[in-house]
Amino acid sequence: MDTAAASLFAPAAAAKPRHVLRPLHVPRGILPPRSHTRGPLAVRCAHSRAPPPPPPLPRADGPEAAAGAHPRLRLRRLAEEFRALPSDADRARRLLSLASALPRLPEPDRAPGNRVMGCVARVWLAARCGGGGRMRFAADSDSELSRGYCACLVAALDGATPEEVLAVDPADPGLAPLGAGMAAARSRASTWHNVLVAMQKRARAAIAAREGRHPGEPFPSLVIARDGAVRAHGSYAEAQAMFLSPDESKISDLVNILMEKKIGVVAHFYMDPEVQGILTAAKKQWPHIHISDSLVMADSAVKMAEAGCDYITVLGVDFMSENVRAILDQAGFSKVGVYRMSSEQIGCSLADAASSSEYTDFLREASGSFPSLHVIYINTSLETKAHAHELVPTITCTSSNVVPTILQAFAQIPDLNVWYGPDSYMGANIADLFQRMATMSDEEIAKIHQDHNRKSISSLLPRLHYYQDGNCMVHDMFGHEVVEKIKEQYCDAFLTAHFEVPGEMFSLAMEAKPRGMGVVGSTQNILDFIKDHLKGALDRNVDEHLQFVLGTESGMITSIVAAVRELLDMYNSSQERANIEVEIVFPVSADAVSKTSVNGSHHAGSSVAGLDNLTVVPGVSFGEGCSINGGCASCPYMKMNTLGSLLKICRQLPDKDNKLSLYQASRFNVKTPLGKSVAEVGCEPILHMRHFQATKRLSDKLVHQVVHGNGEIPS
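Basis of the calculations
Residues numbered from 1 in each chain as written. Predicted model: local features only at pLDDT ≥ 70, side-chain atom pairs only at ≥ 80, totals over all residues. Heavy atoms only, no water. Pairing = 2+ DSSP bridges. Helix = DSSP H or I, 4+ residues; strand = E, 2+ residues; numbered from the N terminus. Axes fitted to C-alpha atoms, helices over the stretch in contact; angles between N-to-C directions. Contact = heavy atoms within 4.5 Å. Disulfide = S-S within 2.5 Å. Buried < 20%, exposed > 50% of the residue type's maximum accessible area, 1.4 Å probe, protein only. Core = buried A, V, L, I, M, F, W, Y, C linked by side-chain atoms within 4.5 Å. Domains from an automatic or database assignment. Phe/Tyr/Trp six-rings, centres within 6.5 Å; stacked < 30°, edge-to-face > 60°. Lys NZ or Arg CZ within 6 Å of the ring centre and 35° of its normal. Salt bridge = Lys/Arg side-chain N within 4 Å of Asp/Glu carboxyl O. pLDDT = per-residue confidence, 0-100. Arc of directions from axis to C-beta. Left-handed = near helix turned anticlockwise from the far one by under 90°. Nonpolar A, V, L, I, M, F, W, Y, C, P; charged D, E, K, R; others polar. Right-handed = clockwise from strand over helix to strand, strands pointing away. Polar contact = N/O pair within 3.5 Å; in protein donor to acceptor, adjacent residues only side chain to side chain.

1. With respect to the sheet that holds strand E9 (residues 372–377)
Then comes step 1: Taken in spatial order, the four strands make up an open sheet running E10-E9-E11-E12, and their pairing is parallel. Looking at the sheet topology across the chains shown, the edges are occupied by strand E10 (394–397) and strand E12 (464–466). The sheet shows a mean angle of 25 degrees between the axes of neighbouring strands, taken without regard to direction.
Then comes step 2: When strand E11 (residues 417–421) meets E12, the two strands line up parallel, connected through three bridges. Paired with Tyr-420 across the two strands is Tyr-466, which belongs to E12.
Then comes step 3: Along the sheet, helix H18 (residues 424–437) contacts E9, E11 and E12; its crossing angle with E12, the most-contacted strand, is approximately 160 degrees.

2. Quick word on the sheet that holds strand E3 (residues 221–224)
Then comes step 1: On the basis of which strands lie adjacent, the open sheet formed by six strands has the order E4-E3-E16-E15-E13-E14 and mixed pairing. Sheet topology places strand E4 (230–233) and strand E14 (518–521) at the edges, where each strand pairs with a single neighbour. On average, each strand axis in the sheet is inclined to that of its neighbour by 15 degrees, with strand direction left out of account.
Then comes step 2: Summarising the sheet, strand E13 (residues 494–498) and strand E15 (residues 544–551) pair through four bridges and their orientation is parallel. Of the residues in E15, the one forming a bridge with Thr-496 is Leu-550.
Then comes step 3: This element, helix H24 (residues 557–571), spans E3, E4, E15 and strand E16 (580–585) of the sheet and lies at about 15 degrees to E3.

3. Structural notes on the state of the cysteines
Disulfides are covalent bonds that link the sulfur atoms of two cysteine residues.
Then comes step 1: Counted under the stated rule, the structure contains zero disulfides.
Then comes step 2: Cys-119 carries a free sulfur, and the closest cysteine sulfur to it, the one in Cys-150, is 7.3 Å from it.
Then comes step 3: Of the residues examined, Cys-119 reaches a relative accessible area of 4% and is grouped as buried.

4. A few points about the nonpolar core
Then comes step 1: With 149 residues, the main nonpolar core has Leu-279, Ile-312, Val-402 and Phe-434 as its most contacted residues.
Then comes step 2: Taken together, domain 2 (248–348 + 638–663) and domain 3 (480–571 + 578–585) each give at least three residues to this core, which thus spans both.
Then comes step 3: The residues touching Ile-312, leaving out its near neighbours within four places in the chain, are Gly-264, Val-266, Ala-301, Met-304, Val-324, Leu-328, Val-336, Gly-337, Val-338 and Tyr-339.
Then comes step 4: One finds Phe-82, Val-123, Val-154 and Met-199 within the second-largest nonpolar core, a separate group that totals 34 residues.

5. Quick word on the packing of aromatic side chains
Then comes step 1: Within the structure shown, the criterion is met by nine aromatic pairs.
Then comes step 2: Geometrically, the ring pair formed by Tyr-359 and Phe-362 is tilted, given 5.4 Å between the ring centres and 40 degrees between the ring planes. In this pair, Tyr-359 and Phe-362 are both assigned in helix H15 (residues 357–367), three residues apart and thus about one turn of the helix distant.
Then comes step 3: Judged by relative accessible area, which is 1%, Tyr-359 ranks as buried.
Then comes step 4: Across the ring face of Trp-124, the terminal group of Arg-110 is positioned such that the distance to the ring centre comes to 4.1 Å.
Then comes step 5: Note that Lys-485 overlies the ring of Phe-219, its terminal NZ or CZ placed 4.7 Å from the centroid.

6. As for the pattern of salt bridges
Then comes step 1: Per the stated rule, a full pass over the model turns up 23 salt bridges.
Then comes step 2: The shortest N-O distance in the salt bridge between Glu-164 and Arg-134 comes to 3.9 Å. Taken together, the residues Glu-164 in helix H6 (residues 162–166) and Arg-134 in the loop between strand E1 (123–129) and strand E2 (135–141) connect sequence positions 30 residues apart.
Then comes step 3: Since its relative accessible area comes to 35%, Arg-134 is described here as partly exposed.
Then comes step 4: By sharing partners, the salt bridges in this structure join Arg-104, Glu-107, Arg-110, Asp-140, Glu-144 and Arg-147 into a single network.

7. Some details on the confidence of the model for the chain
Then comes step 1: Here the chain averages 79 in pLDDT, and 78% of its residues register 70 or above.
Then comes step 2: Scored below 50 in pLDDT, residues 63–68 shows seven contacts in the model against residues more than four places distant or in partner chains.
Then comes step 3: Within the model, pLDDT remains below 50 along residues 593–632, and this stretch shows 99 contacts once partners closer than five positions in the same chain are excluded.

8. Concerning the environment of Ser-190
Then comes step 1: Tracing the backbone through its elements, the reader meets Ser-190 in helix H8 (residues 189–210).
Then comes step 2: Given a relative accessible area of 14%, Ser-190 falls into the buried group.

9. Overview of the pairing of E13
Then comes step 1: Among the five residues of E13, five are classified as buried, and the element is accordingly described as predominantly covered.
Then comes step 2: Neither face of E13 is exposed, since Phe-494, Thr-496 and His-498 on one face and Leu-495 and Ala-497 on the opposite face are all buried.
Then comes step 3: Taken together, the four bridges between E13 and E14 define a ladder with parallel strand orientation. Bridging from a neighbouring strand, Leu-495 pairs with Gly-518 of E14.

10. Considerations on H15
Then comes step 1: Buried residues of H15: Tyr-359, Phe-362, Leu-363 and Ala-366, and no others. The arc that holds every buried residue of H15, seen down its axis, measures 95 degrees, which confines them to one face.

11. Points about the packing of helix H3 (residues 71–84) against helix H5 (residues 144–157)
Helix-helix packing is described using two parameters, namely the angle between the two axes and the distance between the axes.
Then comes step 1: Between H3 and H5, the shortest axis-to-axis distance is 8 Å and the interhelical angle comes to 145 degrees. The interaxial crossing formed by H3 with H5 has right-handed handedness. Residues Pro-71, Arg-74, Leu-75, Leu-78 and Phe-82 of H3 pack against Cys-152, Leu-153, Ala-156 and Leu-157 of H5.
Then comes step 2: Partitioned by chemical class, the residues of the contact of H3 with H5 number eight nonpolar, no polar and one charged.

12. Some remarks on the pairing of strand E6 (residues 289–292)
Then comes step 1: In the sheet, strand E5 (residues 263–268) pairs with E6 via four bridges, with the strands oriented parallel. Within the sheet, the bridge partner assigned to Ala-267 lies in E6 and is Ile-291.
Then comes step 2: Regarding the hand of the β-α-β motif, the stretch spanning E5, helix H11 (residues 273–282) and E6 is right-handed.

13. As for the side chain of Asn-641
Then comes step 1: Note on placement: Asn-641 falls in the loop between strand E18 (624–627) and helix H25 (643–652).
Then comes step 2: Asn-641 gets classed as buried once you look at its relative accessible area, which sits at 0%.
Then comes step 3: Engagement of the side chain of Asn-641 in a polar contact is seen with the backbone nitrogen of Gly-316, the distance being 3.1 Å.
Then comes step 4: With sequence-adjacent residues up to four places away left out, Asn-641 is seen in contact with Asp-272, Val-275, Val-314, Leu-315, Gly-316, Met-341 and Ile-346.

14. Quick notes on unusual backbone geometry
Then comes step 1: With an omega of 0 degrees, the peptide bond running from Gly-421 to Pro-422 counts as cis.
Then comes step 2: Mapped onto the secondary structure, Pro-422 falls in the loop between E11 and H18.
Then comes step 3: Backbone torsion omega between Leu-653 and Pro-654 reads -5 degrees, so that peptide bond is classified as cis.
Then comes step 4: On the secondary structure map, Pro-654 appears in the loop between H25 and helix H26 (678–695).
Then comes step 5: Positive phi outside glycine occurs at Asp-415, with the angle close to 60 degrees.
Then comes step 6: Within the secondary structure, Asp-415 sits in the loop between helix H17 (402–412) and E11.
Then comes step 7: The class of Asp-415 is exposed, set by a relative accessible area of 59%.
Then comes step 8: The phi torsion at Lys-696 lies on the positive side, around 70 degrees, for a residue other than glycine.
Then comes step 9: Within the fold, Lys-696 resides in the loop between H26 and helix H27 (700–708).
Then comes step 10: Overall, Lys-696 belongs to the partly exposed group, its relative accessible area being 22%.

Here's what the structure looks like:
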């Protein structure tokens, strides 16, 4: 249910600072003298029998290495040693003894460039490739428990070859987390994983240097400083940043006309950055402006109509304006005008896939398998939802609630078949997720959904079907080239991925999730993930550089910068402020960025009609965007929502001469194959989702439709 999204896709909250567990105070004479600290320290109560001191850690360059023990084997033996200790207190003492034996890093090595991201405490890792091509590691932390974790990894991997370092799987449960039984250690369990991933990043760099491979230019990025200033690195980032501080006169012009004519604006996260920058600033003066993902846009439009807006302008693709129109009609606001931003079609590759004959065939197959539920992504047209619902009982979903929806459906209806579409990547990622769940314990699964266990998850796997020929052209661009570069240069950064990305990108973020370094979900999930980790850093108030790889459409950057600046402003009252920066990395294909523009002007979407013949998808400036073969996720359809179009429509309202008829959102007066209203039937899957969101259960009406049928199957 909700916990499924929370624990698997919704952002893991950044950890709050905790008191560091310090070594216990004991009378003089119980601890060995400081000169003997290379061995473990025995810490005990004066009134208890002390266990024999554990042996020192084996080192990668020690005698055991010469005997052929792989670093992975040394870590496994160490993990077994921790599990064999009789109590949490003994495990804590062992970690603290290892921490006391770890040499301190020299001050020059405790530099920002050596910080390991994602740890509750501050952790530093220094690395180099030494003689014989072996890795030399040193680490340190301002937390004794974290130092203990560092000591384990340094002992096992210092002196190993780069290939041996890379052969250690951070997700191997037999290796980590060390001391997992202790509450204090659990809060720092991510340290072990994150330091290991940072070590592996250095090992990859050593292999590349040995083979003479240049690492290549880093991805473009924006850095938001503590004072809210933005630094852009790379031409693509510069193009994104140029609209973050919009022209005040343009803001004033827009606000005046919106207020005068009572016009509300709903816009998607992925729209044109110039418009986003102006709308974000204009919202401070005119509250009826809302930027969100597609689900919330229609809800916001209803609230604006209730507040007295006579018109709603929609900055998105056509199915979004259709949904706004239908929901307003259903809410009793049929007289409120709804306008989109182009007289031409503003398409969507996903919506197109769902309206194809191939998708109809997919649904006909579903209709022959009883009982079946069709779960359709919200990013489809109202007409598609209506036609689908007549073939198979249908409920809509979003990227943030698709998993709890499917899990609840399987739990609520015996022997159910679920058919998901049209996004093939999301479908494959859902199947992958359930495969991962099937390997979890019953207790872990129950935290995700209380009515499921390993047996039920395993049994539903063959009854989950997904459409395999539909995808978002934007998220399709996160291909092999981009993923390989992320592995090479950004594996130790925070990784975000929209649920629609290809499996490789999905897997990267999912693997980073358990150590607090990854999120897979909706655009809102990604935004919340960034905000939560920034809040944690601000609470700790120590110098920190947070680096996030943005695995979704780059249009989100305006909302991200606004949210980051708002948080920074909230915390800036502190007199002693740490230097905290947030870096947003755009995974852009090297071949995707053009060095030219047309007279330096800002054009968008003008070449969409010839998209199939392009090598570059138009982005934030003409000729700059994404390679068709993999790149930066800039949707050309969303970029058709320009500031010029918005102002043109607003100035002509009210449309007494019907000059804006081509800009009006479609109102479906046509009938379905069974003779019902497309608008009425198309809204029903959305209402089923609303019921699920409110109650966490499928509605009785939907269950009845699944179990007893939806009516006659149209020919």
